[in-house]
Amino acid sequence: MEFPSKLIEDAVNEVAKLPGIGKKTALRLVLHLLKRDEEQTQSLAESLVAMRSKVKHCRKCHNLSDNDLCSICASHKRDRSLICVVEDTRDVLAIENTAQYKGMYHVLGGIISPVEGIGPSDLHIESLIERLRDPDGDAIKEVILALSPTMEGDTTAFYLQKKLRMFSIKISTIARGVPIGGDLEYADEVTLGRSILSRISYE
Ligand SMILES: [Zn+2]
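About the criteria used
- Residues numbered from 1 in each chain as written.
- Predicted model: local features only at pLDDT ≥ 70, side-chain atom pairs only at ≥ 80, totals over all residues.
- Heavy atoms only, no water.
- pLDDT = per-residue confidence, 0-100.
- Helix = DSSP H or I, 4+ residues; strand = E, 2+ residues; numbered from the N terminus.
- Donors = N, O, S within 2.8 Å, 3.2 Å for Na, K, Ca; no water.
- Buried < 20%, exposed > 50% of the residue type's maximum accessible area, 1.4 Å probe, protein only.
- Salt bridge = Lys/Arg side-chain N within 4 Å of Asp/Glu carboxyl O.

(A) Representation of the confidence of the model for the chain. Scored by pLDDT, the chain comes out at a mean of 90, with 94% of its residues at no less than 70. Helix α8 (residues 189-197) is the least confidently modelled element of the chain, averaging 74 in pLDDT, while strand β4 (residues 103-107) averages 97, the highest of any element.

(B) Representation of the coordination of the zinc ion within the structure. The zinc ion binds to the protein through Cys58 (SG), Cys61 (SG), Cys70 (SG) and Cys73 (SG); the donor distances cover 2.3 to 2.4 Å. One chain supplies every donor for the zinc ion, spaced along it as C-x2-C-x8-C-x2-C. Of this pair, Cys58 sits in the loop between β1 (56-57) and β2 (64-65) while Cys70 sits in the loop between β2 and α4 (71-74), and the two are 12 residues apart along the sequence. In terms of burial, Cys58 and Cys70 fall into one category: buried.

(C) Focus on the pattern of salt bridges. Within this structure, the stated rule accounts for eight salt bridges. With a shortest N-O distance of 2.8 Å, Asp10 and Lys6 are connected by a salt bridge. With a gap of four residues between them, Asp10 and Lys6 both fall in helix α1 (residues 6-15), about one helical turn apart. Using a relative accessible area of 56% as the deciding quantity, one classes Lys6 as exposed. Where Glu96 meets Arg78, a salt bridge forms, and the shortest distance between an N and an O atom there is 2.9 Å. With Glu96 in helix α5 (residues 89-98) and Arg78 in the loop between α4 and β3 (79-86), this pair connects stretches of sequence that are 18 residues apart. Owing to a relative accessible area of 26%, Glu96 belongs among the partly exposed residues under this scheme. You can call Arg78 buried: its relative accessible area is 13%. Within the structure, one salt-bridge network assembled from shared partners comprises Lys60, Arg80 and Asp138.

Structure (structure tokens):
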């Protein structure tokens, strides 16, 4: 692609580094910004920089948050006896969108994947065990394993239930209304909501 401007070329190359965006789409976005008010690009750039430098991970559940504690962990309206274990923040959003779950979360930050070299120690598993062990913490009665029904998800669920067996709590998985091999975030809200409600004991 021949560019009339080095500045445009640089911007296109940066935008094209984002997943799912090719050079053509990047060029379209860049030209779109050029047509709009300069303030629009300014506020886009500022919000991206602020987001990148200020967003943190909740110290309790590892969900993304503006504060030390995320809004879910800080809320008094949530059922603290329930922890739903998910792979990442997108799953928290997907489950929150169903409006069917009022418990807490624990974000693992990935799933066990030998192919990608991700083992249990790369995930937030120890901090989950700490949450269950903490005598001053929430009196947790149930841990729901809401992981994608893939081989990696199953491996992670199996590992977790072995680790969690030492606690006298209920361990359940979401019912498989979620298509096998599918991703949680792509399940529709009704299906995912139903899966959470009709969860089954892990055996
Ligand atoms: Zn949190």
